[in-house]
Amino acid sequence: MDHFLYKNGILHAEDVALPEIAAAVGTPFYVYSSATLTRHFQVFEDALAGLDHLICYAMKSNSNQAVIAHMASLGAGMDVVSGGEYHRARAAGVPGDRIVFSGVGKTAEEMALALEGGIRQFNVESEPELQRLSQVAERMGKTAPITIRVNPDVDARTHEKIATGRKEDKFGIPIARAREVYRLAASLPGLQVIGIDVHIGSQLTDLEPFEIAYKKVAELTHALRADGHEISRLDLGGGLGIPYERSNTAPPLPLEYGEVIKRTVGDLGCEIEIEPGRLISGNAGLLVASTIYVKHGEDRDFLILDAAMNDLIRPAMYGAWHDMVPVVEPAPGAEQTPYDIVGPVCESGDTFAKQRNLPAMAEGDLIAFRSAGAYGAVMSSEYNSRPLIPEVMVNGDQFAVIRARPSFDDMINRDTIPTWV
Ligand SMILES: *Cc1c(COP(=O)(O)O)cnc(C)c1O
């Protein structure tokens with residue numbers, strides 16, 4: 001459940017009517033509900049109740065400072081994947097000992113940054129990375145707490161571009177070689193092995209791949225302990241999917257996911273970390289756009305919006321579905337018309353949906369894309385020199401602009417013309 005509902009025939013974010021925000025910041029814009037973020041965090045807290053655990057929000061899904069500060073205020077840790085995200089987390093007040101560092105290509109500079117500022121653990125993904133981290137830590141006179149990300153060769157049955165746990169994917173070390181790589185880790189100076197990490201993909205709508213992967217992690221825990229390693233923490237990654245299409249069957253609930261965790265690794269005496277991103281931020285956000293034109297084509301009608309693929313790339317990149325609803329509630333039983341819903345960018349790929357049924361739309365009408373809080377604003381660009389769109393956060397009957405729309409001058413002045421031109 002989220003907090004985007006019609007009230008008196010107008011779509012609201014919590015207690016704020018969307019047209020009120022549109023009038024204040026212009027369209028298009030992203031809007032996030034803090035009550036929904038809180039609710040999603042709480043659902044995971046409930047799912048892991050009884051286990052020693054930390055929920056590390058995968059901030060790559062939505063890394064606005066206001067969002068991560070809100071998550072931190074609830075007690076969340078952060079999963080970061082770059083030096084930039086590490087800086088953001090620290091700037092939002094997240095202490096180093098609540099930050100885990102993931103990613104296949106951490107640089108020496110990023111390692112040093114985290115070792116200097118404080119880190120809960122590095123999730124190491126390869127032997128060369130182990131060597132690099134060991135060198136950096138030793139040079140700084142520090143000890144780097146680590147897990148090693150294992151690749152369990154499990155098909156997450158999700159979109160090709162976001163499956164990460166198959167042997168052909170670039171992530172982690174093959175689980176079959178784990179004992180050898182842990183032996184190497186234990187022999188290197190500056191590293192302290194504390195656990196195991198796994199993350200098999202994103203937008204999983206089935207619990208079975210998690211169950212298979214976590215069973216393999218449990219077996220590996222026993223094997224590594226027998227080899228003399230301290231395994232006291234298991235990072236089980238993120239990836240639980242959300243319902244993008246409300247008319248479809250809903251993906252499993254966090255509570256059921258929590259049961260899988262308890263059943264597979266709950267009796268190992270380990271501290272459990274999870275790294276949910278999409279499930280926390282996805283349904284906590286909308287993209288709101290305005291209709292520029294309704295164009296009658298030869299065999300179809302186009303709804304041309306002021307939002308485009310540069311603002312929300314998921315449909316173009318993953319063929320993703322977003323439910324879209326008019327901001328003014330249609331009358332019950334209102335007739336539906338199929339539209340191709342597109343943006344103004346000069347590519348046919350700038351299509352949000354084809355032949356999508358909506359009540360008749362007119363110029364100026366507002367439309368909301370649901371489930372746009374994750375991998376929306378963070379993946380946006382200024383392609384076609386369209387300035388980044390604003391982000392707004394709602395809390396009850398208040399709202400605040402949490403990232404303002406840059407002016408055209410802001411955008412242009414980021415470039416420099418060399419003197420010889
Ligand atoms: C992307 C990612 C996540 C978050 O995935 P979601 O599907 O958004 O929950 C967690 N951990 C790692 C290592 C990731 O790369």
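Residues numbered from 1 in each chain as written. Predicted model: local features only at pLDDT ≥ 70, side-chain atom pairs only at ≥ 80, totals over all residues. Heavy atoms only, no water.

Considerations on the overall build of the chain
Assigned secondary structure in the chain consists of twelve helices and 21 strands. Expected size for 421 residues packed as a compact globule is a radius of gyration near 22 Å; at 23 Å, the chain falls within 12% of this value. Each of the 421 residues in the chain was classed as buried or not, and the buried ones make up 55%. Residue pairs in contact within the chain that sit at least 24 positions apart in sequence constitute 69% of those at least 6 positions apart. Here the chain displays about 17,800 Å² of accessible surface, and carbon together with sulfur accounts for 51% of that area. When the 38 positive and 57 negative side-chain charges of the chain are each reduced to one mean point, those points stand 4 Å apart. (Helix = DSSP H or I, 4+ residues; strand = E, 2+ residues; numbered from the N terminus. Rg over C-alpha atoms; globule rule 2.2 N^0.38 Å. Buried < 20%, exposed > 50% of the residue type's maximum accessible area, 1.4 Å probe, protein only. Contact = heavy atoms within 4.5 Å. Areas by Shrake-Rupley, 256 points an atom, 1.4 Å probe, with all protein chains shown as cover. Lys, Arg positive; Asp, Glu negative; His and termini not counted. Charge placed at Lys NZ, Arg CZ, Asp CG, Glu CD.)

Some thoughts on the site of the ligand
The local shell around the ligand holds 15 residues, among which Lys 60, Ser 202, Glu 275, Arg 278 and Tyr 375 are the closest. A distance of 2.7 Å separates an oxygen atom of the ligand from a polar atom in the side chain of Lys 60. With respect to the ligand, the side chain of Ser 202 contributes an N or O atom lying 2.3 Å from an oxygen atom. Surface burial for the ligand is 93%, taken as the share of its 390 Å² of free accessible area covered by protein chains. (Near = heavy atom within 4 Å. Polar contact = N/O pair within 3.5 Å; in protein donor to acceptor, adjacent residues only side chain to side chain.)

Some details on the side chain of Thr 147
With respect to the helices and strands, the residue Thr 147 is situated in strand S9 (residues 144-151). Within the structure, Thr 147 has its side chain in polar contact with the side chain of Asn 123 (distance 2.6 Å).

Considerations on the packing of helix H8 (residues 208-226) against helix H9 (residues 254-265)
Between two packed helices, the angle of one axis relative to the other and the distance separating the axes together describe the packing. Viewed as axis vectors pointing N to C, H8 and H9 meet at an angle of 25°, and their least axial separation amounts to 9 Å. What the angle tells us is that H8 and H9 run roughly parallel. Viewed along their axes, H8 and H9 form a crossing whose handedness is right-handed. Taken together, the residues of H9 that come into contact with H8 (itself represented by Phe 210, Glu 211, Tyr 214, Lys 215 and Ala 218) are Tyr 257, Val 260, Ile 261, Arg 263, Thr 264 and Val 265. Looking at the contact of H8 with H9, its residues break down into seven nonpolar, one polar and three charged. (Axes fitted to C-alpha atoms, helices over the stretch in contact; angles between N-to-C directions. Parallel < 35°, antiparallel > 145°, perpendicular 65-115°, else oblique. Left-handed = near helix turned anticlockwise from the far one by under 90°. Nonpolar A, V, L, I, M, F, W, Y, C, P; charged D, E, K, R; others polar.)

What to know about the sheet that holds strand S3 (residues 16-17)
A sheet is described by the order of its strands in space; here three strands give the open sequence S1-S2-S3, paired in antiparallel fashion. The two strands at the open ends of the sheet, each matched to only one other strand, are strand S1 (4-7) and S3. Two elements, S1 and strand S2 (residues 10-13), share four bridges in a ladder whose sense is antiparallel. In the strand pairing of S2, Tyr 6 is matched with Leu 11. (Pairing = 2+ DSSP bridges.)

Focus: the side chain of Ser 290
For Ser 290, the location among the structural elements is in strand S14 (residues 285-296). With a relative accessible area of 13%, Ser 290 lands in the buried category.

Some remarks on the nonpolar core
The biggest cluster of nonpolar side chains holds 96 residues, and the ones touching the most others in it are Phe 122, Ile 146, Tyr 214, Leu 234 and Ile 261. Looking at this core, the element that brings in the most residues is H8, giving seven residues. Looking at which domains feed residues into this core, each of domain 1 (4-31 + 282-412) and domain 2 (34-280) supplies at least three. Residues within four places of Ile 146 in sequence aside, it is in contact with Phe 122, Val 124, Leu 130, Leu 133, Ala 185, Leu 191, Gln 192, Val 193, Ile 194 and Gly 195. Core analysis: the second largest hydrophobic core is formed by 18 residues, Leu 18, Phe 29, Ala 368 and Val 392 among them. (Core = buried A, V, L, I, M, F, W, Y, C linked by side-chain atoms within 4.5 Å. Domains from an automatic or database assignment.)

Side note on the domain arrangement of the chain
Along its sequence, the chain is carved into domain 1 (4-31 + 282-412) and domain 2 (34-280). On a C-alpha basis, the centroid separation for the pair domain 1 and domain 2 is 32 Å. Taken together, the contacts link 22 residues of domain 1 with 25 residues of domain 2. One can count one salt bridge joining domain 1 with domain 2. The salt bridge partner of Arg 246 is Asp 323, with a shortest N-O separation of 4.0 Å. (Salt bridge = Lys/Arg side-chain N within 4 Å of Asp/Glu carboxyl O.)

Here's the deal with unusual backbone geometry
Geometrically, the link from Thr 27 to Pro 28 is a cis peptide bond, its omega value of -10° lying close to zero. Relative to the helices and strands, Pro 28 resides in the loop between helix H1 (18-25) and strand S4 (29-33). Unlike most non-glycine residues, Ser 385 shows phi in positive territory, near 50°. Along the polypeptide, Ser 385 turns up in the loop between strand S19 (366-369) and strand S20 (391-395).

Topic: the environment of Ala 13
Relative to the elements of secondary structure, Ala 13 occurs in strand S2. By relative accessible area, Ala 13 is classed as buried at 0%. Each C-alpha atom of the pair Ala 13 and Gly 285 lies 9.0 Å from the other, and the pair is 272 residues apart in sequence. Those residues in contact with Ala 13 that lie beyond four places of it in its chain are His 3, Phe 4, Leu 18, Val 31, Val 394 and Gly 396.

Here we look at the packing of aromatic side chains
For the coordinates displayed, the defined rule picks out seven aromatic pairs. Ring geometry for Phe 101 versus Phe 122: centroids 6.0 Å apart, planes at 15°, classification stacked. Placement of Phe 101 in strand S7 (residues 99-101) and of Phe 122 in strand S8 (residues 121-124) is noted, with a sequence separation of 21 residues between them. The class of Phe 101 is buried, set by a relative accessible area of 0%. Seen from their ring centres, Phe 210 and Tyr 257 are 4.9 Å apart, and the 65° between their planes marks the pair as edge-to-face. Remark: Tyr 257 occurs in helix H9 and Phe 210 occurs in helix H8; sequence separation between them is 47 residues. On the basis of relative accessibility, which here comes to 0%, the residue Phe 210 falls in the buried class. Over the ring of Trp 321 we find Arg 356, and its NZ or CZ is 3.5 Å from the ring centre. (Phe/Tyr/Trp six-rings, centres within 6.5 Å; stacked < 30°, edge-to-face > 60°. Lys NZ or Arg CZ within 6 Å of the ring centre and 35° of its normal.)

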